[in-house]
Amino acid sequence: MDNLMDDLINANSLAETKKRALRILGNLSFSEKGMAQRLMQKGESAENAEETARWLVELGYINDSDYASSIVRHYSLKGYGEKRVRDELHKRGIPRDMWEEKLAELDGEELGDAAIEFLRKKLRGSVDDNDLRRATDALVRRGFSYSDARSAINAYLEENGE
């Protein structure tokens, strides 16, 4: 009798975890790992959280590959470099074995255009050495390599008659 009661309690707990996960998923996208972590933050047991995240993957509500692509697209369009995109993939629980494939989707030309657009907004036509140095540093903080930041600065300078 006690086993039956324990099974019912566990089944109810899992059902509640699944309901919570569906409510959470209705507002935001998550990776499988990210969903499990979010559920545990909300007080669910690790076992229920992981089982629920797997269930959502099986149903097709969570797809790490699609989610990774959307992260790469979103952050590259916002003008962030590859390093920042890597950080976001890690932070959001995307499996590391997907990173290279998804980062390969980044178009170097698009990234360069995003960097130059960032410089246009930041510098507003200025070619002052101090402003250029600060802008280079800002690009590096946004996840661009130093050489990519310098290339963007050079393109910006060409565009502004320098």
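Our subject is the structure listed above.
Residues numbered from 1 in each chain as written. Predicted model: local features only at pLDDT ≥ 70, side-chain atom pairs only at ≥ 80, totals over all residues. Heavy atoms only, no water.

Caption draft 1: Highlighting the packing of helix 1 (residues 2–25) against helix 2 (residues 32–41). Their axes nearest at 11 Å, the elements helix 1 and helix 2 cross at an angle of 115 degrees. The two elements helix 1 and helix 2 meet at a crossing, and its hand is right-handed. Residues T17, R20, A21, I24 and L25 of helix 1 pack against M35, R38 and L39 of helix 2. Broken down by class, the residue content of the contact of helix 1 with helix 2 amounts to 5 nonpolar, 1 polar and 2 charged. (Axes fitted to C-alpha atoms, helices over the stretch in contact; angles between N-to-C directions. Helix = DSSP H or I, 4+ residues; strand = E, 2+ residues; numbered from the N terminus. Left-handed = near helix turned anticlockwise from the far one by under 90°. Contact = heavy atoms within 4.5 Å. Nonpolar A, V, L, I, M, F, W, Y, C, P; charged D, E, K, R; others polar.)

Caption draft 2: Up close: a nonpolar patch on the surface. Taken together, the side chains of L4, M5, L8 and I9 make up a nonpolar region of the molecular surface, amounting to roughly 410 Å² of accessible area. Mapped onto the fold, L4 is located in helix 1. The exposure class of L4 is exposed, given its relative accessible area of 51%. (Patch = residues over 30% accessible without salt bridge, like charges linked within 9 Å, V, L, I, M, F, W, Y side chains within 5 Å. Areas by Shrake-Rupley, 256 points an atom, 1.4 Å probe, with all protein chains shown as cover. Salt bridge = Lys/Arg side-chain N within 4 Å of Asp/Glu carboxyl O. Buried < 20%, exposed > 50% of the residue type's maximum accessible area, 1.4 Å probe, protein only.)

Caption draft 3: Seen up close, the side chain of K102. Along the chain, K102 turns up in helix 6 (residues 99–103). The class for K102 is buried, based on a relative accessible area of 4%. A polar side-chain atom of K102 sits 2.8 Å from a polar atom in the side chain of S65. (Polar contact = N/O pair within 3.5 Å; in protein donor to acceptor, adjacent residues only side chain to side chain.)

Caption draft 4: Expanded view of the pattern of salt bridges. Inspection of the entire model under this criterion finds 11 salt bridges. The partner of E82 in a salt bridge is R86, with the nearest N and O atoms 3.1 Å apart. Of the two residues, E82 and R86 both sit in helix 5 (residues 82–91), 4 residues apart, roughly one turn of that helix. Two residues, K102 and E101, come together in a salt bridge whose shortest N-O distance is 3.7 Å. Exposure remark for E101: the relative accessible area of 48% places this residue in the partly exposed category. Several salt bridges share partner residues, and in doing so they unite R84, E88, K91 and R92 into one network.

Caption draft 5: Examining a negative patch on the surface more closely. Negative charge collects at one region of the surface, where E47, E50, E51 and E58 lie side by side. Among the structural elements, E50 can be located in helix 3 (residues 46–59). (Lys, Arg positive; Asp, Glu negative; His and termini not counted. Charge placed at Lys NZ, Arg CZ, Asp CG, Glu CD.)

Caption draft 6: The arrangement of the side chain of R142 in detail. Along the polypeptide, R142 turns up in the loop between helix 8 (129–141) and helix 9 (146–159). Despite its burial, R142 pairs with no opposite charge, the nearest such side chain being E88 at 11 Å. Excluding residues that lie within four positions of it along the chain, R142 makes contacts with K78, G79, Y80, G81, R84 and F118.

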